[in-house]
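# Architecture and fold: a report
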Amino acid sequence: MLLAYKISLFLKLMVREFRAQKLRMALTVLAITWGTISITLLMAFSVGIERQMHKASSGMGQGIIVLWAGQTTMPFQGLPQGRRIMFRPEDQDLIKARVAGVDKISGEYMRWGVTIEYGKKQVSKLVSGVYPDFGEMRSHYPQPGGRFIDQFDFDSKRRAIFLGWKVAEEIFGTVDPVGKMVMVNGIPFTVVGVMVKKMQDSSYHGPDEDYGVIPASTFVGIFGDPYFDNFIYSVKPGVNTKTVEQDLFRVFGSKYRFDPKDTHALWFWDTVEQAEVTRKVFLGIKIFMWFIGGMTLVIAGVGVANIMYVAIRERTREIGTKMALGARKGHIILQFMTEAMFIALFGGFLGILFSLAITRAFWLIPMEGAMEFLGRPLVNWPVAIITVITLSTIGFLSGFFPARKAASINPVEALRYE
Amino acid sequence: MNNNGHLISMKNVTKVYKTGKIHVDALRGVDLDIGRGEFVAIIGPSGSGKSTLMNIMGCLDMPTTGEYHLDGRPVANMGIHQLSSIRNKKIGFIFQNFNLLAYATTFENVELPLIFAGKPGAYRKQRVMECLENVGLANWAEHKPTELSGGQMQRAAVARALANEPDIILADEPTGNLDSKSGGEIIDLFEQLNELGRSVVTITHDMNIAHRCHRIIRIMDGLIESEKHNGNGRDKNLTQD
Ligand SMILES: Nc1ncnc2c1ncn2[C@@H]1O[C@H](COP(=O)(O)OP(=O)(O)OP(=O)(O)O)[C@@H](O)[C@H]1O
Ligand SMILES: [Mg+2]
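The shown structure was predicted, so the numbers you read here are calculated from the model rather than taken from an experiment.

Let us now look at the overall build of chain B. Helix and strand counts for chain B stand at seven helices and 10 strands. Considering only contacts within chain B whose residues lie at least 6 apart along the sequence, 69% involve residues at least 24 apart. For chain B, the exposed surface amounts to about 10000 Å²; the carbon and sulfur share of it is 48%.

Right, let's get into the overall build of chain A. When helices and strands are counted, chain A shows 13 helices and nine strands. Relative to its 418 residues, chain A shows a buried fraction of 47%. Nonlocal contacts in chain A, meaning residues at least 24 apart in sequence, comprise 77% of its contacts between residues at least 6 apart. By element, 64% of the accessible surface of chain A is carried by carbon and sulfur atoms, the whole surface being about 20200 Å².

So, about the sheet that holds strand β3 (residues 39–43) of chain B. Residue and element names in this part refer to chain B. Pairing is mixed across the open sheet formed by six strands, whose spatial order is β6-β7-β8-β3-β9-β10. Two strands in the sheet have a free side with no partner beyond their single neighbour: β6 (91–94) and β10 (223–229). Pairwise comparison of adjacent strand axes, ignoring direction, gives a mean angle of 15° for this sheet. The pairing of β6 with strand β7 (residues 168–172) spans four bridges and is classified as parallel. By the bridge assignment, I91 is partnered in β7 with I168.

Now for the interface of chain B and chain A. In this assembly, 27 residues from chain B lie in contact with 25 residues from chain A. Summed over both sides, the interface of chain B with chain A buries roughly 2500 Å², with 60% coming from carbon and sulfur. Looking only at chain B, the three residues that lose the most surface to chain A are L60(B), Y103(B) and F116(B), adding up to 29% of its buried area. Across the chain B-chain A interface, the total number found is seven residue pairs in polar contact (both at pLDDT 80 or more).

All names here are of chain A. A cluster of nonpolar side chains, F342, F346, F349 and L353, forms an exposed patch at the surface whose accessible area comes to about 390 Å². Mapped onto the secondary structure, F346 falls in helix α11 (residues 329–364). With a relative accessible area of 38%, F346 lands in the partly exposed category.

Residue and element names in this part refer to chain B. Considering the arrangement of structural elements, one finds T204 in the loop between β8 (199–203) and α7 (207–212). Among the polar contacts made by the side chain of T204, one reaches the main-chain amide nitrogen of D206 at a distance of 3.0 Å. Those residues in contact with T204, other than ones at most four positions away along the chain, are A41, I42, I43, T175, I209 and A210.

Let us now look at the nonpolar core. One finds Y233(A), L248(A) and F252(A) to be the most contacted residues of the largest nonpolar core, which totals 46 residues. Those residues in contact with F252(A), other than ones at most four positions away along the chain, are L67(A), F87(A), D91(A), I95(A), F231(A), R257(A), F258(A) and L266(A). One finds V110(B), C131(B), A159(B) and A210(B) within the second-largest nonpolar core, a separate group that totals 37 residues.

What follows deals with the site of ligand 1. Residue and element names in this part refer to chain B. Near ligand 1 lie 14 residues; those nearest to it are S46, G47, K50, S51 and T52. The separation between an oxygen atom of ligand 1 and a polar main-chain atom of S48 is 3.2 Å. A distance of 3.0 Å separates an oxygen atom of ligand 1 from a polar backbone atom of G49. Within the complex, 72% of the 630 Å² of free accessible area of ligand 1 lies under protein.

Turning to the environment of N185(A), a few remarks are in order. By the element assignment, N185(A) lies in the loop between β5 (181–184) and β6 (187–194). Filtering out sequence-adjacent residues up to four positions away, N185(A) remains in contact with V114(A), T115(A) and F223(A).

Residues and elements named next belong to chain B. Within the open sheet, the four strands sit side by side as β2-β1-β4-β5. Their pairing is antiparallel. Of all the strands in the sheet, the pair left with one neighbour each is β2 (22–34) and β5 (73–74). Pairing of strand β4 (residues 65–70) with β5, which is carried by two bridges, proceeds in the antiparallel orientation. Bridge pairing in β5 places H69 opposite P74.

Residues and elements named next belong to chain B. In terms of residue burial, β8 counts as a mostly covered element, since five of its five residues are buried. As judged from the four bridges shared by β3 and β8, these two strands associate in the parallel manner. Bridged to A41 within β8 is T202. Relative to β8, β7 runs parallel, the two being bridged by five bridges. Of the residues in β8, the one forming a bridge with I169 is V200. Crossover connection from β7 via helix α6 (residues 180–195) to parallel β8: handedness right-handed.

The subject of this paragraph is the packing of helix α2 (residues 22–57) of chain A against helix α12 (residues 381–408) of chain A. Residues and elements named next belong to chain A. Across the interface, α2 lies against α12 with an axial gap of 9 Å and an inter-helix angle of 155°. Judged by the inter-axis angle, α2 sits roughly antiparallel to α12. In terms of crossing hand, the pair formed by α2 and α12 is right-handed. Contacts from I32, G35, T36, I39, T40 and M43 of α2 reach α12 at V383, A384, T387, V388 and L391. Here the residues of the contact of α2 with α12 sort into seven nonpolar, four polar and no charged.

What counts and how
Residue positions within a chain follow its written sequence, with the count starting from 1. Note on labels: chains are lettered from A, ligands numbered from 1, in written order. Where local features are concerned, this predicted model is filtered to residues with pLDDT of at least 70; where side-chain atom pairs are given and counted, the filter is 80 or more; whole-chain, interface and lining totals use all residues. For side-chain calculations, the full set of non-hydrogen atoms in the structure is used, while hydrogens and water are omitted. Note on conventions: DSSP H or I runs of at least 4 residues are helices, E runs of at least 2 residues are strands, and numbering of each starts at the N terminus. In what follows, residue pairs with any heavy atoms lying within 4.5 Å of each other are defined as contacts. Using the Shrake-Rupley algorithm and a 1.4 Å probe, accessible areas are obtained, with residue cover drawn only from the displayed protein chains. Any residue under 20% of the maximum accessible area for its type is buried, any over 50% is exposed, and the rest in between are partly exposed; the area is computed with a 1.4 Å probe on protein chains only. A pair of strands counts as paired when DSSP detects no fewer than two bridges linking them. Helix axes are fitted to C-alpha atoms over the stretch in contact, other axes to C-alpha atoms as well, and angles between N-to-C directions run from 0 to 180 degrees. When two components associate, each loses some accessible surface as probed by a 1.4 Å sphere; the sum of these losses over both components is called the buried area. Here a polar contact is taken to be a pair of N or O atoms separated by no more than 3.5 Å, where protein atoms must pair a possible hydrogen donor with a possible acceptor and residues adjacent in sequence count only if both atoms sit in side chains. Each patch is assembled from residues with relative accessible area greater than 30% and no salt bridge, linking like charges that lie within 9 Å and nonpolar side chains (Val, Leu, Ile, Met, Phe, Trp, Tyr) that lie within 5 Å. The term salt bridge refers to a pairing of a side-chain nitrogen on Lys or Arg with a carboxyl oxygen on Asp or Glu at a separation within 4 Å. Buried Ala, Val, Leu, Ile, Met, Phe, Trp, Tyr and Cys residues form a nonpolar core when they are joined through side-chain atoms within 4.5 Å. Residues are classed as near a molecule or strand on a simple rule: at least one heavy atom within 4 Å of it. If the strands point away from the viewer and the path from the first strand over the helix to the second runs clockwise, then the crossover is right-handed. Here the word oblique covers every angle except those under 35 degrees (roughly parallel), over 145 (roughly antiparallel) and from 65 to 115 (roughly perpendicular). Take the far helix as your reference; a near helix turned counterclockwise from it by less than a right angle gives a left-handed crossing, and one turned clockwise gives a right-handed crossing. Put simply, Ala, Val, Leu, Ile, Met, Phe, Trp, Tyr, Cys and Pro go in the nonpolar bin, Asp, Glu, Lys and Arg in the charged bin, and everything else, Gly too, in the polar bin.

Here it is as structure tokens:
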């Protein structure tokens, strides 16, 4: 009873103080809200961007290497330099047999300007001929209801085609393409699947959304290409991609008779290595963002401390007056404390609320072009809560010490304070 | 022995202010007794130590040496809570510059000592209105100090000083910021309070005001230089050191 009564008295006093300090309170709340929003959003976007970058960089495929044949630049065993190297279909088995580090591999034939028709719609696109393992390596995931080229398609040289989602949309519109017949250079093919939409920030033949894939066996049957345009392969876990490269130079060097040190004979695009670089770059960006976040926190903290400090200086005379009227030290300190706590928690609450609102609002914006890379910002709760706690603590301490000091001096000194 | 029933009893009280290397002897050995129901004026030139003396009386400051008994109890031995309680209940302090909280209404200003005393709401309401009526400000309860005249502000301060029915009113140049008419009204109030038995001590530069008090104490260079009784007072407990 007595306690409840004391609390009610205290609240009455506090409400009165709040009324008097509207502007200052609003400014402090603003400082904390602002600090919390800045830091929380910085981190939220950092998470979103990181995820998007990861998604995009794995769009072409995760942990794959693209291998092209080049041209010799060194004379070798009596042969002149300047010879073109071309991969033959049987090289795929050669690699499988001779290079232990290779996990999955698929040669790839390409043909540009292939007409694909459905009904009255006709487009001209790139078509690749590949092996069944290609699909998983290159993240060619089928939309529900469809599938990628499988071993059976390959073995029986089926006229099966897997379409990028954009091609499918262009020729089918809203019709479900799976199971439908399209004409590829005038030859009927069955659509077995359509690729799911994905982010892709790199490619070696244009975006995957905009082409079609058929079995390599079928491709050779129709177009008669004697050479692969390139290989796609992945390495076994724990195997260094550089070792595999050296092995490939050795194996192909002895088959096509070029110097294994002739770096222009084979060309590699090592996305594993690239992913590592990207990861490091992003780590750098993240450290930078944490640093900026930390600085923002310090600035917000200084702002809060400053406002609290100035407030108590300004109110030292008032403290003196209250002490002269018989206020206890506890009355004075408690008042400033509660005020600081209230401000900090209210500011933190608003900050988190706004951060959530802003990040959610971002989810609603259609993500296209550069916006796509902002991804879906996610509020990092530990960061948000640590920010609020830090700012509250700063507010608390910067309120507590001057208040305690003001309440500890003689009332006379507090009253004389200018 | 120490107080002889005196409300205020000082023996050889000194006060030294130290600011850096400079020492100011503001009080240099003051002996003073003030009894219940006295009406005292403290006069003296600027810087003579009047405010210093009154702050010590009001437990807003502590003497450097010497003894001060308030209502028979040695102030030196009191803890901060006891001092707060004494300032709250035994003493009503009035300042030259009013020291009202600008953001609070007159009512709320007068209510403040009652809140610090932990009085219940209903009692506070009734008591605040009583005090405001005493000083003629009942109609100004809901106004802010900025809406009051100087005289009204000082009357609000008097009401605030009276809230907890203190034994003694201490006023440091209460009329210093007022015109003579408003100042006169404050002294009228003091007279009324004194007639009801309350001790009143006021510092003043105005001899007209001093002469309305029953006892005049002149301070000079930190010492009581002379004392004079106006003879018409109710004070019977004269100092006899
Ligand atoms: N806090 C302080 N620190 C240092 N010196 C002080 C302090 N307060 C008062 N003094 C000095 O002590 C002396 C007495 O001051 P006090 O305020 O008591 O004088 P006063 O008689 O009230 O003067 P006035 O009529 O101008 O109000 C003065 O010399 C003053 O400068
Ligand atoms: Mg003075």
